[in-house]
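What the coordinates show
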Amino acid sequence: MKDELEKIAKEKQKWQDRCVRPALKRFNREKNPTRFYTPLDLPEFDFLERVGFPGEYPFTAGTYPFFPYQSGLTGTAHIPQAPGLARAGRYSGYGTAEDYRDYHKQMQALGAKSGPNIAFDLPTQLGYDSDSTMSLGEVGRVGVAVDTLRDFEVIYEAFTGGMDIDRIASNWTINAPANIIIAMYVALAEKRGIGIEKLRATPQNDILKEFLARGAYIFPPRPSMKMLRDSMLFITRHLPNCNILSIGGYHMREAGATREQDLAFSMSIGAAYLKEGVNAGLDIDSFAPKFTFNVFGGSMEFYKEIAFQRAVRRMWAKIIKEQFGAKDQRSMLLRAPQGAHVGCISTTLQRPLNNLTRTVVGAMAGAMAGGPPNVWPPYDEPLGLGWSLEANQLSEDGMRILQLEARICDVIDPFAGSYFMESLTNEIEEAGWEEFHKIEEMGGTVAAIENGYMQRKIADGAYERQKRIENGEDLIVGVNCFTGEHELNVTTTRLVSHPYDPEKRELAEERQLEVLKKVKRSRDNNKVLSLLRDLKTAARREEENLIPRLVECVKEYATIQEMCDVLREVFGEYKPS
């Protein structure tokens, strides 16, 4: 092998002298703008150790042995479906519970057959009721307003019979009050006479990234981890078909994190959650299979995003096996509905139809990385909240064409063994490990949040990225290049009514306040106050799991803010320094 590498090195030098240098001179270039990889870039490569087979450790080639999914089914957006699986559908939510219920009925009439993937409005995510002064102007805007179990009951009126909650899966994009939403689902099941062991759901419940990117936190990091521990224990013991959380590096990358920081921060956050479960007395193989990943960040850098996905699967498997001693390979799977993609940050308001081209590039990267060919997000992502039906149609058709006509899913991980891709995968993983170990040496993610290290890194990344765009180092077609007067702004005729009724959204706050008044008048307020006092007492006991208390509160129609205010009194509120 050594002799072979020496021979290749000599021939490479000859190639540069007789072929590359004359070409550089001819085209007036100082250095080669492209790179060619050889075995010199991948010495001592062990295929079984570094790649292996799809569906087996270290999972570099793919999470599963083959691609079982169908992408682009009606109403499912970027969440591929497969026979025998119950999965939630397109991320959505607006207005009041009635508006959102009717939206799902409309989607079902158009062929949707999956459960809800709920976007909550900002007041709900931050633990405020719709009648709070903090909620003014935000009720039902970026998601559906949920104040009490009554709203949850109304939403799920769209899911009965053959689509009852024991036959579908639900996703909830909520973090700080996630345990209250879990409690509502348990209460709803009990009211319908459905055993909670039959429920399928995934709360996002990824609270640590909120301190770094989205900002939808309530309590300080350490009490927030206590809340996560409660849901971890409750779901592991009582909800065998539910996931515990869905970790997402996507938000951090969109906020400014580099690709390598996205990798390291996501892995560090995941490790912090795993430690919380182990420290609570759970066996790693009893709960690690219930961890999922929502989606990591994306970009237009096609090859690097493929390498990233391969690196993150391998890195997660190593952490689970080597750091936590897992024996079950299911614990080591990085389960995610979305693979490589371009990210919403790559879409542009200028010439928005170009976003369809961009997302097809992302879908190709997804398939090349051993995942689904998700043409996501729909092209009108930058144009406002909620995607048009036309944009959704184009995205779904894009996935169908790639999978069924181009057949790009016929081969899994086609770059396996490539000198180039294996080198790039190693490079990204090594950079991820370096940053991961730096955070661990600080005491882990919570400590790195408390000292501001991770927030500073993300802010620095955002600044550098924007500077590169403004300086023209990063070129974006239609934004900072090809913007002349003869360029055309091509549009589509959007004749189909938007699925989010603008009039309903405009009046959502007024209608939601009336509903909340009625709930507060009709419930047993003395019982609610008694249960809230009990919740406060229990919250002071570190070892008591609060979810059973929350179930009792929501059954009596205590509001999200009433419960969160009790916990604010005990845990305090997080104030970023």
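Just so you know, these numbers come straight off a predicted model, no measurement behind them.

1. Structural notes on the overall build of the protein
Looking only at helices and strands, one finds 21 helices and six strands in the protein. Seen through its C-alpha atoms, the protein measures out along the principal axes to roughly 90 × 60 × 45 Å. A fraction of 76% describes how many contacts in the protein between residues 6 or more apart in sequence connect residues 24 or more apart. Just so you have it, the protein exposes about 25,200 Å², and 52% of that area is on carbon and sulfur atoms.

2. Comments concerning the nonpolar core
One finds F152, Y156, W172, L208, M267, Y273 and F291 to be the most contacted residues of the largest nonpolar core, which totals 139 residues. Top element by residues in this core is helix α6 (residues 178–191). It accounts for 11 residues. In contact with W172, other than residues within four places in its own chain, are I118, F120, F152, Y156, I181, I182, Y185, A201, T202, P203 and Q204. Residues Y250, C344, W376 and W387 belong to the second largest nonpolar core, which totals five residues.

3. Notes on the pattern of salt bridges
Applying the stated rule across the entire model yields 47 salt bridges. Residues K14 and E11 are paired through a salt bridge, measuring 3.4 Å at the closest nitrogen-oxygen approach. Residue K14 and its partner E11 are both found in helix α1 (residues 2–26); the two are separated by three residues, about one turn of the helix. The exposure class assigned to K14 is partly exposed, which follows from its relative accessible area of 43%.

4. What about empty space enclosed by the protein?
Gaps left between atoms are located by rolling a probe of water-molecule size over the structure's atoms. Throughout the structure, instances matching the rule amount to five cavities of 30 Å³ or more. Those elements that provide at least two residues to the lining of the second largest cavity are α6 and α8 (221–238). Considering every element that reaches the lining of the second largest cavity, the biggest residue donor is α8, with three residues. Among the residues forming the lining of the second largest cavity, the class breakdown is six nonpolar, four polar and no charged.

5. A few points about the environment of P65
Summarising the element assignment, P65 is placed in the loop between α2 (47–50) and β1 (88–92). Taking the C-alpha atoms as reference points, P65 and A340, 275 residues apart in sequence, are found 18 Å from one another. If sequence neighbours within four positions are ignored, P65 has contacts with P54 and G55.

6. Comments concerning the packing of aromatic side chains
Given two aromatic rings, one states the distance between the centres and the angle between the planes to describe the pair. Evaluated as defined, the whole model comprises 26 aromatic pairs. Arranged with centres 5.3 Å apart and planes meeting at 50°, the rings of Y156 and Y185 form a pair that is tilted. Pair noted here: Y156 is in the loop between α5 (149–155) and β3 (169–173) and Y185 is in helix α6, with a separation of 29 residues, a long-range link. Classification of Y156 by relative accessible area gives buried; the value is 0%. Between Y217 and Y574, the aromatic rings sit 4.9 Å apart at their centres with planes inclined by 85°, giving edge-to-face as the arrangement. Of this pair, Y217 sits in the loop between α7 (207–214) and α8 while Y574 sits in the segment after α21 (560–571), and the two are 357 residues apart along the sequence. Among the residues examined, Y574 registers a relative accessible area of 15% and is labelled buried. Members of the aromatic cluster, each reached through a chain of ring pairs, are Y37, F302, Y303, F415 and F420.

7. Comments concerning a nonpolar patch on the surface
On the surface, F47, L48 and F53 cluster together to form a nonpolar patch covering roughly 300 Å² of accessible area. Relative to the helices and strands, F53 is located in the loop between α2 and β1. Judged by its relative accessible area of 47%, F53 is partly exposed.

8. Side note on the sheet that holds strand β2 (residues 115–119)
Ordered by their spatial adjacency, four strands build an open sheet running β1-β2-β3-β4, and the pairing between neighbours is parallel. Sheet topology places β1 and β4 (200–203) at the edges, where each strand pairs with a single neighbour. Neighbouring strand axes in the sheet, compared pairwise and without regard to direction, differ in orientation by 15° on average. Pairing between β3 and β4: four bridges, direction parallel. Residue S170 lies in a different strand from β4, and its bridge partner there is A201. Strands in contact with α6 are β3 and β4; relative to β3, the strand with the most contacts, it is inclined by about 155°.

9. Quick word on the state of the cysteines
Across all of its chains, the model carries zero disulfides by this definition. The thiol of C564 is unpaired, and the distance to the nearest cysteine sulfur, on C553, comes to 11 Å. Note on C564: relative accessible area 1%, which makes it buried.

10. Examining the layout of surface pockets
A volume near 920 Å³ is recorded for the second largest pocket. Taken together, 33 residues make up the lining of the second largest pocket; nearest its centre are S299, S346, R465, R468 and D474. Those elements that provide at least two residues to the lining of the second largest pocket are α10 (259–279), α13 (354–368) and α17 (453–471). No other element matches the eight residues that α17 contributes to the lining of the second largest pocket. Of the residues belonging to the lining of the second largest pocket, the class tally is 10 nonpolar, 12 polar and 11 charged.

11. Comments concerning α21
Three- or four-residue spacings in an α-helix give side chains the same orientation, since the helix completes a turn every 3.6 residues. For α21, built from 12 residues, the straight-helix expectation of 16 Å at 1.5 Å per residue is met to within 8% by its first-to-last C-alpha distance of 16 Å. For α21, the set of buried residues is I560, Q561, M563, C564, V566, L567, R568 and F571. Buried residues along α21 sit in contact with α4 (122–125), α6, α8, α19 (525–539) and α20 (547–555). G572 occupies a position one or two residues after α21 and carries a positive phi of about 85°.

12. Observations concerning α6
Relative to the 20 Å expected for 14 residues at 1.5 Å per residue, α6 spans 20 Å between its end C-alpha atoms, a close match to the ideal helical length. In terms of burial, α6 is a largely internal element, 12 of the 14 residues being buried. Listed as buried for α6 are A178, N179, I180, I181, I182, A183, M184, Y185, V186, A187, L188 and A189. On its buried face, α6 is in contact with α5, β3, β4, α8, α20 and α21. After α6 finishes, the residue G193 shows a positive phi value of roughly 75°.

The rules behind the values
Along each chain, numbering runs from 1 in the same order as the chain's sequence is written. Where totals are concerned, whole chains, interfaces and linings use all residues; where local detail is concerned, this predicted model gives features only for residues with pLDDT of at least 70, and gives and counts side-chain atom pairs only at 80 or more. Values reported for side chains reflect all heavy atoms of the structure, with hydrogen atoms and water molecules removed beforehand. Going along the chain from the N terminus, every DSSP run of H or I of four or more residues is numbered as a helix, and every run of E of two or more is numbered as a strand. Note on definitions: a residue-residue contact is assigned when non-hydrogen atoms from the two residues lie within 4.5 Å. Only the protein chains shown count as covering a residue, and every accessible area follows the Shrake-Rupley method with a 1.4 Å probe. Here, nonpolar core means buried Ala, Val, Leu, Ile, Met, Phe, Trp, Tyr and Cys residues that are tied together by side-chain atoms lying within 4.5 Å of each other. Type-normalised accessible area, obtained with a 1.4 Å probe on protein chains alone, sets the label of each residue: buried when under 20%, exposed when over 50%, and partly exposed for intermediate values. A side-chain nitrogen of Lys or Arg and a carboxyl oxygen of Asp or Glu constitute a salt bridge if their distance falls within 4 Å. A 1.4 Å probe that fits but cannot get out identifies a cavity on a 1 Å grid over protein atoms alone, an open set with protein on both sides within 12 Å along at least five of seven lines counts as a pocket, and a residue lines either if it has an atom within 4 Å of a point. Grid points are joined across faces, edges and corners, and a volume is the space filled by probe spheres set on the points. Residue polarity is assigned by list, with Asp, Glu, Lys and Arg as charged and Ala, Val, Leu, Ile, Met, Phe, Trp, Tyr, Cys and Pro as nonpolar; anything else, Gly included, falls into the polar class. Between 30 and 60 degrees the pair is tilted, below 30 it is stacked and above 60 it is edge-to-face, where a pair is any two Phe, Tyr or Trp rings, Trp via its six-membered ring, whose centres lie within 6.5 Å. Nonpolar side chains (Val, Leu, Ile, Met, Phe, Trp, Tyr) within 5 Å and like charges within 9 Å form the patches, drawn only from residues with over 30% relative accessible area and no salt bridge. Any two strands are treated as partners once DSSP identifies two or more bridges connecting them. Think of each axis as a best-fit line through the C-alpha atoms, taken over the contacting stretch in the case of a helix, with angles from 0 to 180 degrees between the N-to-C directions. In this description, a disulfide is simply a cysteine sulfur pair whose atoms lie within 2.5 Å. Helix span, as expected, comes to 1.5 Å for every residue beyond the first.

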